[in-house]
Amino acid sequence: MLQLFGKERMWRAHELKRSYDVVIVGAGVHGLGIAYYLGKKHGLRNIAVLERSYLGAGNSGRNTAIIRSNYRTAEGIPFYDASAFRRAWLESFVQRVRSFDGGA
Ligand SMILES: Cc1cc2nc3c(=O)[nH]c(=O)nc-3n(C[C@H](O)[C@H](O)[C@H](O)COP(=O)(O)OP(=O)(O)OC[C@H]3O[C@@H](n4cnc5c(N)ncnc54)[C@H](O)[C@@H]3O)c2cc1C
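Residues numbered from 1 in each chain as written. Predicted model: local features only at pLDDT ≥ 70, side-chain atom pairs only at ≥ 80, totals over all residues.

(A) Main features of the overall build of the protein. Along its length, the protein carries 3 helices and 2 strands. When the helices and strands of the protein are listed from N to C terminus, the series reads β-α-β-α-α. The buried share among the 104 residues of the protein stands at 1%. Contacts spanning at least 24 positions in sequence make up 43% of the contacts within the protein whose residues lie at least 6 apart. (Helix = DSSP H or I, 4+ residues; strand = E, 2+ residues; numbered from the N terminus. Buried ≥ 20, exposed ≤ 12 C-beta atoms within 10 Å, placed from the backbone. Contact = placed C-beta atoms within 7 Å.)

(B) Focus on the pairing of strand E2 (residues 47-50). Pairing of strand E1 (residues 22-25) with E2 involves 4 bridges; the strand directions are parallel. What sits directly across from valine 25, in E2, is leucine 50. Assessed by its sense of winding, the connection that carries the chain from E1 through helix H1 (residues 29-42) to E2 is right-handed. (Pairing = 2+ DSSP bridges. Right-handed = clockwise from strand over helix to strand, strands pointing away.)

(C) Inspection of the site of the ligand at higher detail. Surrounding the ligand, one finds 20 residues, the nearest of these being Gly26, Gly28, Gly58, Ser60 and Asn63. With 3 residues, H1 is the single largest residue contributor to the shell around the ligand. (Near = placed C-beta within 6 Å.)

(D) Structural context of H1. Over its 14 residues, H1 extends 19 Å from the first C-alpha to the last, a length consistent with the 20 Å expected when each residue adds 1.5 Å. A positive phi of about 70° marks glycine 43, the residue just after H1. (Expected span 1.5 Å × (residues − 1).)

(E) Local environment of the confidence of the model for the protein. Looking at the protein as a whole, its pLDDT mean stands at 79, while 73% of the residues score no less than 70. The spread of mean pLDDT over the elements of the protein runs between helix H3 (residues 87-100), the lowest at 71, and E1, the highest at 96. (pLDDT = per-residue confidence, 0-100.)

As structure tokens, then:
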């Protein structure tokens, strides 16, 4: 993919190593999240994330970015409430997002 207002490529091909401890297929929010937490929480450093297109090329780059519990099934509502709306989780998430944009 090219940058929106430039002709420079946003991504480049990397030469692959002979082996990795973990290989993840797909650089969407799940693949990148797994890679991030394997590094942060478990100290793994030899991880490959293989993406056939560009980062976020799938659902992750096309969604409406809303955190909510609107899945209208009896099973879905408590699942989303428990996972997304825990106050501590949400607060730390917001702080991390702010730290990326300079605290604005
Ligand atoms: C229009 C739309 C609106 C949405 N709105 C919301 C919302 O408001 N809130 C919300 O919580 N969720 C929303 N979602 C759902 C959410 O975006 C997805 O559940 C989430 O992004 C899925 O992430 P993922 O990493 O599993 O998959 P994806 O983001 O789809 O990532 C999969 C990646 O794998 C790559 N890939 C596939 N096959 C291969 C292969 N063989 N080799 C290498 N790479 C491969 C793809 O190119 C892609 O980049 C929305 C989805 C859509 C489409």
